[in-house]
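Listed below, chain by chain, are the residues.
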Amino acid sequence: MSTNLSIIGTSITKFGELWEKSLVELMTEAVTEAVRDAGVDPEDIEAIFVANKAAGSFENQLHLNALASQLFPHFPPAVHIEAACASGGAALLAAEHALLAGQYKTVLVVGAEKMTDVSAEETTEILASAADATRQFGSTFPALYALVADMYLRKHALTSEVLATIAVKNHRHALKNSKAQFRKELSLEQVMQSAIIAPPLRVFDCSPISDGAAAVVLTTQPHKAKARVAGAGQGQDAMVLADRRSLTTFRATSTAAKQAYQRAGMKPADIQCAEVHDCFTIAELLAIADLGFFPEEKAGRATLQNQTTLGGKIIINPSGGLKACGHPVGATGVKQVAYLAELVSRGEADRVLAHNVGGAGSTAVVHILEKAL
Amino acid sequence: MKPAAYWRQSKTWQQWLGRTGTVIASTSIHLAPPQLAAFVPYSYVIVDFGNEKMEFMGAGQDELRVGDEVVCVLRKLCVPSDEALIPYGIKVVKKAEA
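Here the residue numbering is sequential within each chain, running from 1 through the sequence in written order. Chains and ligands are labelled by the order in which they are written, letters from A for the one and numbers from 1 for the other. It should be noted that, the model being predicted, local features are given only for residues of pLDDT at least 70 and side-chain atom pairs only at 80 or more, the latter also being counted only at that level, while totals for whole chains, interfaces and linings use all residues.

Undergrad: So what exactly am I meant to see when it comes to the overall build of chain B here?
TA: Labels follow the DSSP assignment, with helices taken as runs of H or I lasting at least four residues and strands as runs of E lasting at least two, numbered in each case from the N terminus. When its secondary structure is counted, chain B shows two helices and five strands. What you see in chain B, going N to C, is helices and strands ordered as α-α-β-β-β-β-β. As defined in this context, the radius of gyration uses C-alpha atoms, and a globule is described by 2.2 Å times the residue total to the power 0.38. Against the globule reference of 13 Å for 98 residues, chain B gives a C-alpha radius of gyration of 13 Å, in line with a compact fold. Judged by the C-alpha coordinates and their principal axes, chain B covers about 40 × 30 × 20 Å. Counting across all 98 residues of chain B, residues that qualify as buried make up 36%. Excluding contacts between residues fewer than 6 apart, the proportion of contacts in chain B whose partners are at least 24 apart in sequence is 55%. Residues with at least 20 neighbouring C-beta atoms inside 10 Å of their own are called buried, those with 12 or fewer are called exposed, and the rest are partly exposed, where every C-beta is derived from the backbone. Once C-beta atoms have been placed from the backbone, residue pairs whose C-beta atoms lie within 7 Å are recorded as contacts.

Printed below as a string of structure tokens:
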């Protein structure tokens, strides 16, 4: 991107079943820490973009823009962005557009979700609101991804071992992430013998139900930066799977990636590590092909041959991903970018990519970050 | 399901009732929202009707597999609650059982 968009402050709360913390407390913690980390005066924040999927259903709490704004003494203008599980990515894009348009110089993006106050069945119902309520009646989120997995495994003559390999790898990665919901190794056998949710997906193929928040401060002004936003993009596709051209690839992801690579002047081989949207293990398998890291027909083998972890071709989901770090849906897209910016600022990578998906692949947002100039 | 939403979805029944197609992707749902919990496990499939594809719940607990010939039928959509309405809608069953 021609204008210099910098990430100058980041924060991620602990992810998990945080019964002692409310949605507002999670947002407050993330916002306060990101502003402190940026080293700016709170009154320098000119606008706030809030990402959240379903506080109206989970907590009967909406008007989140006002909730966020009142955390600041000067009540900056704020908006709430919802794009299902891609709310975080979409809020970041909206913030970037406002900065690139010159409307603001420094803004805050906060993503938060409080999911564990209701039962798993109620959560399943609330998350199903990301599907087409009339044309996909009776579907659940895991079932839609299970249909994709069913087609993918049959097309490429793979077994569910490849899915379990992703779960094991992401749990191993999360061991090093103090914010992760699960810091516990899993064996292939544990994953492959866990309870069936929607075959071929088992409970350990699914990301957990999580509470959490993340925030980033973005600026176009000269300031010590943690990373630079090199490019971003957004793609869309039909909500109803039956309406798609292909179910073994997500067009929304490839569209978003193409825009992001073009704007960054990069190609997939330039990316050293990526946080991809593994809400279910099958989603990572599609993502690593749709983002251009491996050809579709080789993504399974690359996963089985440890090409997506330390020592491989590219590190996928160093945070543990949604699978092990947790998936407070509105926070996820912001957390991916915050986590990667921290990685870049520590010098652990120079060029990284975040991939955030809404619904069963009908919305996708891709961000590419690089080392600050 | 609210009465008005039920009435709206009922207008699509005639588009589907009696149509036959082939299952091209299949799963079964073992964890469902509360109003569907009594049907668990139920099939959820993508059906190819030749000129178009659509997603449907399978009726009953019969497991539908890829390649099965199915037909669209009218069945209860939710377990009746204390709402007076008992919602019906389109599901699919194996053709031989219709």
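Undergrad: Help me understand the sheet that holds strand E12 (residues 363–370) of chain A, please; the structure alone is not making it clear to me.
TA: Two strands in a sheet stick together by hydrogen bonds in their backbones, pointing the same way (parallel) or opposite ways (antiparallel). Residues and elements named next belong to chain A. Pairing in this open sheet of ten strands is mixed, and the strands run E3-E2-E4-E7-E1-E8-E12-E11-E9-E10 from one edge to the other. Bordering the open sheet on either side are strand E3 (78–81) and strand E10 (315–316), each of which pairs with just one other strand. Relative to strand E7 (residues 212–219), strand E4 (residues 106–113) runs antiparallel, the two sharing eight bridges. By the bridge assignment for E7, Val 109 is matched with Val 216. Packed onto the sheet, helix H1 (residues 23–38) meets strand E1 (6–12), E4 and E7 and runs at close to 35° relative to E7. Two strands qualify as a pair provided DSSP detects at least 2 bridges between them. Each axis is a line fitted through C-alpha atoms, taken for helices only over the stretch in contact, and angles between the N-to-C directions span 0 to 180 degrees.

Undergrad: Where do I start with the interface of chain A and chain B in this structure?
TA: A common way to express how large an interface is: the accessible area buried when the components associate. Taken together, the contact pairs 25 residues of chain A with 21 residues of chain B. Elements with a minimum of two residues in the side of chain A that touches chain B: helix H5 (120–127), helix H6 (141–155) and strand E5 (196–198) of chain A. Classifying every residue of the side of chain A that touches chain B gives 15 nonpolar, six polar and four charged. Each residue gets one of three labels, nonpolar for Ala, Val, Leu, Ile, Met, Phe, Trp, Tyr, Cys and Pro, charged for Asp, Glu, Lys and Arg, and polar for the others, Gly among them.

Undergrad: I tried to follow the sheet that holds strand E5 (residues 88–94) of chain B on my own but got confused; where do I start?
TA: Judged by pairing direction, the sheet is antiparallel, and its five strands sit side by side in the order E3-E2-E1-E4-E5 (chain B) without closing on themselves. Strands at the two margins of the open sheet, each flanked by one partner only, are strand E3 (53–57) and E5 of chain B. Averaged over all pairs of adjacent strands, the angle between their axes in this sheet comes to 35°, without regard to strand direction. Where H6(A) meets the sheet, its contacts fall on strand E1 (20–29) and strand E2 (42–48) of chain B, and the angle it forms with E1(B) comes to roughly 115°.

Undergrad: Could you clarify how one ought to interpret H6(A) in this entry?
TA: Because an α-helix packs 3.6 residues into every turn, residues spaced three or four apart end up facing the same way. How far a helix is expected to stretch is found by multiplying one less than its residue total by 1.5 Å. Given a rise of 1.5 Å per residue, 15 residues ought to cover 21 Å, and the 22 Å separating the end C-alpha atoms of H6(A) matches this to within 8%. Counting buried positions along H6(A) yields 13 of 15 residues, so the element is predominantly enclosed.

Undergrad: I tried to follow the environment of A:Val329 on my own but got confused; where do I start?
TA: All names here are of chain A. The residue Val 329 is located in helix H13 (residues 329–345) in this model. Judged by the 31 C-beta atoms lying within 10 Å of it, Val 329 falls in the buried class. Apart from residues lying up to four places away in sequence, Val 329 is in contact with Lys 53, Cys 85, Ser 87 and Glu 113.

Undergrad: Teacher, can you tell me more about the pairing of strand E2 (residues 47–51) of chain A here?
TA: Residue and element names in this part refer to chain A. Summarising burial for E2: five of the five residues are buried, a large majority. As paired elements, E2 and E4 share five bridges and run parallel to each other. Bridge pairing in E4 places Phe 49 opposite Val 109. As paired elements, E2 and E3 share four bridges and run parallel to each other. Counted as the bridge partner of Val 50 is His 80 from E3.

Undergrad: For this particular structure, what's the right way to read helix H9 (residues 251–264) of chain A?
TA: All names here are of chain A. For H9, built from 14 residues, the straight-helix expectation of 20 Å at 1.5 Å per residue is met to within 8% by its first-to-last C-alpha distance of 20 Å. Of the residues making up H9, those classed as buried are Ala 252, Thr 253, Ser 254, Ala 256, Ala 257, Ala 260, Tyr 261 and Ala 264. Buried residues along H9 sit against strand E8 (227–236), helix H10 (281–290), strand E11 (351–358) and E12. Taken from the residues just after H9, Gly 265 is the one with a positive phi, measuring 65°.

Undergrad: What exactly am I supposed to notice about the environment of A:Gln70 here?
TA: For A:Gln70, the location among the structural elements is in the loop between helix H3 (64–69) and E3. Expressed as a C-alpha distance, the spacing of A:Gln70 and A:Cys85, which sit 15 residues apart in the sequence, is 25 Å.

Undergrad: Could you clarify how one ought to interpret the packing of helix H7 (residues 161–174) of chain A against helix H11 (residues 296–304) of chain A in this entry?
TA: To characterise two packed helices, one gives the angle between the axes of the helices and the distance between these axes. Residue and element names in this part refer to chain A. Relative orientation of the contacting elements H7 and H11 amounts to 55°, with a least axis distance of 9 Å. As summarised for this structure, H7 and H11 are arranged oblique, according to the angle between their axes. In this structure, H7 meets H11 at a crossing whose hand is left-handed. Each of Val 162, Thr 165 and Ile 166 in H7 lies in contact with H11, whose residues at this interface are Gly 300, Thr 303 and Leu 304. When the residues that make up the contact of H7 with H11 are grouped by side-chain class, the tally is three nonpolar, three polar and no charged. Under this scheme an angle from 65 to 115 degrees is roughly perpendicular, one under 35 degrees roughly parallel, and one over 145 degrees roughly antiparallel; angles in between are oblique. Here is the rule for handedness: rotate from the far helix to the near one, and if that takes an anticlockwise turn smaller than a right angle the crossing is left-handed, while a clockwise turn gives right-handed.

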